[in-house]
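A closer look at the structure
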Amino acid sequence: MSRASDRAYSTIREMIVSGELAPGDSLREEALAEICDVSRTPVREALRRLEADMLIHKTESQRSYVADWSLDDIGDAFELRAMLEGHAARRAAKRIDDATLQALRECNARIGKAVIASPPDVDGFLELNREFHALILEAAESRRLTGLLTTLIEQPVVWRTAHHYGKDELRRSHQEHDELLAAFARGDGAWAESIMAGHIRRAFHAYADAHRGLTAIDSAGGKK
């Protein structure tokens, strides 16, 4: 891939993951080329990669749109994450070294500060949460797991889920990280896997509850 294509891919992907481009938004090559400061050819290459990542979809007329996943699609993604990240946590518990464990503790301490801020620093929480999970995946020492999980972890739904969290849910997520750290400190893979799987499943239900609430509001609004 060319540097121009890589730049277009990174720029468009970040716009989707951050929510700047919302589900269902049309993706026009000319406008994206201008935003990315590249020609249309690198944009086309970037869009093909984003389609493979399931971040966009194309219609029969070859028009591109930001993917809008159904709740069932999202449930499948979280179920896969629970299985794969649970396995990663089990592996990490058997392989983690003192330096990585300390890095995880420091990262979670910063997450705690983001959670107790008034109002909570959700963007800071997201960035640090990504770092925390990346450290665990690195400790698992599995390139295959890393490849499988990267797409799932970076889906826009992760960003949207955290923005549905209230302070209690953010605090609970932080506490679950503490429980993971306890499992890692004891080298208990089964415990770590169980905590991680529950952590991911709880995140899905937070998203699903918010999704149903928003759908109900939209439906009520449409009846007026």
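One structure accompanies this document, and this report is about it. The structure displayed is predicted, hence computed values, not measured ones. (Residues numbered from 1 in each chain as written. Predicted model: local features only at pLDDT ≥ 70, side-chain atom pairs only at ≥ 80, totals over all residues. Heavy atoms only, no water.)

**Examining the overall build of the protein chain**
A count of helices and strands for the protein chain gives 10 helices and 3 strands. In sequence order, the secondary structure elements of the protein chain are arranged as α-β-α-α-β-β-α-α-α-α-α-α-α. For the protein chain, the proportion of contacts with a sequence separation of at least 24, taken over those separated by at least 6, is 75%. (Helix = DSSP H or I, 4+ residues; strand = E, 2+ residues; numbered from the N terminus. Contact = heavy atoms within 4.5 Å.)

**Quick word on helix α5 (residues 98-116)**
Helical periodicity: at 3.6 residues per turn, an α-helix aligns residues three or four positions apart in one direction. Here α5 spans 27 Å end to end across 19 residues, near enough to the 27 Å set by a 1.5 Å rise per residue. Every buried residue of α5 is accounted for by Thr100, Leu101, Leu104, Cys107, Asn108, Ile111, Gly112, Ala114 and Val115. In an axial view of α5, the angular spread of the buried residues amounts to 160°, which keeps them on one side of the axis. For α5, the exposed residues set more than 90 degrees away from the buried face come down to Asp98, Ala99, Lys113 and Ile116. Buried residues belonging to α5 abut α6 (122-140) and α9 (167-185). (Expected span 1.5 Å × (residues − 1). Buried < 20%, exposed > 50% of the residue type's maximum accessible area, 1.4 Å probe, protein only. Arc of directions from axis to C-beta.)

**Here we look at the pattern of salt bridges**
Where charged atoms from two side chains of opposite charge come close, those side chains can pair. As enumerated under the stated definition, the model contains 13 salt bridges in all. We note a salt bridge from Arg28 to Glu30, for which the minimum N-O separation is 3.3 Å. The residue Glu30 makes a salt bridge to Arg40 at a minimum N-O spacing of 3.3 Å. One end of the pair, Glu30, is in helix α2 (residues 29-36); the other, Arg40, is in helix α3 (residues 40-52), and 10 residues separate them in sequence. Given a relative accessible area of 37%, Glu30 falls into the partly exposed group. (Salt bridge = Lys/Arg side-chain N within 4 Å of Asp/Glu carboxyl O.)

**Topic: the side chain of Thr100**
Inspection of the secondary structure puts Thr100 in helix α5. When its relative accessible area of 19% is taken as the criterion, Thr100 is described as buried. Among all residues touching Thr100, those that are not within four sequence positions of it are Leu135 and Ala139.

**What to know about the packing of aromatic side chains**
Applying the stated criterion to the full structure yields 1 aromatic pair. Judged by centre distance (5.7 Å) and plane angle (50°), the rings of Phe78 and Phe204 are tilted. Placement of the pair is Phe78 in helix α4 (residues 71-95) and Phe204 in helix α10 (residues 189-222), with a sequence separation of 126 residues. Here Phe78 falls in the buried class, since its relative accessible area comes to 2%. Here Arg49 stacks its cationic end above the ring of Tyr9, 3.9 Å away from the centre of that ring. (Phe/Tyr/Trp six-rings, centres within 6.5 Å; stacked < 30°, edge-to-face > 60°. Lys NZ or Arg CZ within 6 Å of the ring centre and 35° of its normal.)

**Things to note about the packing of α5 against α9**
Two elements in contact, α5 and α9, have axes whose closest approach is 10 Å; the angle formed by their N-to-C orientations is 165°. When the axes of α5 and α9 are compared, the pair comes out roughly antiparallel. In terms of crossing hand, the pair formed by α5 and α9 is left-handed. Here Leu101, Leu104, Arg105, Asn108, Ile111, Gly112, Val115 and Ile116 of α5 lie close against α9, whose contacting residues are Lys167, Leu170, Arg171, His174, His177, Asp178, Leu181, Phe184 and Ala185. (Axes fitted to C-alpha atoms, helices over the stretch in contact; angles between N-to-C directions. Parallel < 35°, antiparallel > 145°, perpendicular 65-115°, else oblique. Left-handed = near helix turned anticlockwise from the far one by under 90°.)

**Here's the deal with the side chain of Ser64**
Examined against the element boundaries, Ser64 turns out to sit in strand β3 (residues 64-66). For Ser64, the residues in contact, after removing those within four places along its chain, are Asp25, Ser26, Leu27, Leu47, Ile56, His57 and Lys58.

**Remarks on the environment of Ala206**
Within the element layout of this structure, Ala206 appears in helix α10. Among the residues examined, Ala206 registers a relative accessible area of 9% and is labelled buried. Between the alpha carbons of Ala206 and Gly166 there is a distance of 9.7 Å; along the sequence they are 40 residues apart. Once residues lying within four places of it in the same chain are set aside, the contact partners of Ala206 are Tyr165 and Glu169.

**Considerations on the sheet that holds β3**
Spatially, the 3 strands line up as an open sheet ordered β1-β3-β2, and their pairing is antiparallel. Lying at the two open borders of the sheet, with one neighbouring strand each, are β1 (26-27) and β2 (56-58). One ladder, built from 3 bridges, connects β2 with β3; its direction is antiparallel. The partner of His57 across the bridge, within β3, is Tyr65. (Pairing = 2+ DSSP bridges.)

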